[in-house]
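What the coordinates show
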Amino acid sequence: MAERPEDLNLPNAVITRIIKEALPDGVNISKEARSAISRAASVFVLYATSCANNFAMKGKRKTLNAGDVLSAMEEMEFQRFVAPLKESLEGNRREQKGKKEARKDKDKKADSEEQDKSREEENDDDDERMEEEEQNEEEEVDN
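The rules behind each value
- Residues numbered from 1 in each chain as written.
- Predicted model: local features only at pLDDT ≥ 70, side-chain atom pairs only at ≥ 80, totals over all residues.
- Heavy atoms only, no water.
- UniProt positions renumbered as here; feature names shortened; annotations may be inferred.
- Salt bridge = Lys/Arg side-chain N within 4 Å of Asp/Glu carboxyl O.
- Helix = DSSP H or I, 4+ residues; strand = E, 2+ residues; numbered from the N terminus.
- Buried < 20%, exposed > 50% of the residue type's maximum accessible area, 1.4 Å probe, protein only.
- Phe/Tyr/Trp six-rings, centres within 6.5 Å; stacked < 30°, edge-to-face > 60°.
- 1 Å grid on protein atoms, 1.4 Å probe; cavity = no way out; pocket = protein on both sides within 12 Å on 5 of 7 lines; lining within 4 Å.
- Points joined across faces, edges and corners; volume = space filled by probe spheres on them.
- Nonpolar A, V, L, I, M, F, W, Y, C, P; charged D, E, K, R; others polar.
- Axes fitted to C-alpha atoms, helices over the stretch in contact; angles between N-to-C directions.
- Parallel < 35°, antiparallel > 145°, perpendicular 65-115°, else oblique.
- Contact = heavy atoms within 4.5 Å.
- Domains from an automatic or database assignment.

The protein is annotated in an unreviewed UniProt entry as DNA polymerase epsilon subunit 3 from Alligator mississippiensis. Among the UniProt annotations of the protein, the heading Subcellular location (unreviewed entry) holds the following wording: "Nucleus".

Structure below.
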């Protein structure tokens, strides 16, 4: 756990980026307001994590999962965020699955290319051996 309360705050750069994306162009925010939003966001994350942890403990698990977080959101009376969170989660899962499949395809292709290269090297070795044998036979015939 964190030793100081400020260790639990989210990084200012992240908070600033989120605020800028949420506000219309040309709207500024004071340093004090940014700090207040940062603290509020940190408190929200801690509370949501604590609620989600309670659901994991009820399930006799030590690992929080997405279902725990969704249940926590409902318990915290943030039902209107559950549907967008589910959509985002599904999108993230599809993206991860796509990346995993792309990685598998890439690995298969690399293995296939490696096998092809190995076969070519074997064929080259065989060709060299055959040429040597032919030369040896020619030398024997000449002798």
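Next comes the rest of the account.
All right, on to the pattern of salt bridges then. Tallied over the full model, the rule gives three salt bridges. Notably, a salt bridge pairs glutamate 90 with arginine 93, separated by 3.2 Å at the nearest N-O pair. Of this pair, glutamate 90 and arginine 93 are both found in helix 4 (residues 79–142), three residues apart, which corresponds to roughly one turn of the helix. Classification of arginine 93 as partly exposed rests on a relative accessible area of 45%. Between lysine 99 and glutamate 95 there is a salt bridge; the shortest N-O distance is 3.5 Å. Of this pair, lysine 99 and glutamate 95 both sit in helix 4, four residues apart, which is roughly one turn of that helix. Classification of glutamate 95 as partly exposed rests on a relative accessible area of 44%.

Moving on, we come to the UniProt feature "domain: Transcription factor CBF/NF-Y/archaeal histone" (unreviewed entry) in the protein. If you check UniProt for "domain: Transcription factor CBF/NF-Y/archaeal histone" (unreviewed entry), the listed places come out as residues 9–73 in our numbering. What you have in residues 9–73 is 72% helix and 0% strand, and the ends, taken at the C-alpha atoms, are 20 Å apart.

Moving on: the packing of aromatic side chains. For the structure on display, the rule yields two aromatic pairs. Plain terms: the ring middles of phenylalanine 78 and phenylalanine 81 are 5.6 Å apart, the flat faces sit at 45° to each other, and that makes the pair tilted.

With that out of the way, let us pick up the layout of surface pockets. Over the atoms, a rolled probe matching the size of one water molecule traces out where space is still vacant. Size it by volume and the largest pocket reaches roughly 180 Å³. Lining the largest pocket are Asn9, Leu10, Asn12, Thr16, Lys31, Arg34, Ser35, Ser38 and Arg39. In terms of residue count, the dominant contributor to the lining of the largest pocket is helix 2 (residues 31–58) (five residues). Its residues assigned to classes, the lining of the largest pocket shows one nonpolar, five polar and three charged.

Time to look at unusual backbone geometry. Phi angles above zero are rare outside glycine, and lysine 60 is one such case at about 55°. Position of lysine 60 among the secondary structure elements: in the loop between helix 2 and helix 3 (66–75). Here lysine 60 falls in the exposed class, since its relative accessible area comes to 78%. Positive phi, close to 65°, is recorded for glutamate 77, a residue that is not glycine. Along the chain, glutamate 77 falls in the loop between helix 3 and helix 4.

Let us look at the packing of helix 1 (residues 12–22) against helix 2. With their axes 10 Å apart at the nearest point, helix 1 and helix 2 run at an angle of 105° to one another. As judged from the angle between their axes, helix 1 and helix 2 are roughly perpendicular. In this structure, helix 1 contributes Asn12, Ile15, Thr16 and Ile19 to the contact, and helix 2 contributes Arg34, Ile37, Ser38 and Ala41. Grouping the amino acids of the contact of helix 1 with helix 2 by side-chain chemistry returns four nonpolar, three polar and one charged.

A few words on the domain arrangement of the protein. The assigned domain composition of the protein is domain 1 (1–77) and domain 2 (83–142). The C-alpha-based centres of domain 1 and domain 2 are spaced at 46 Å.

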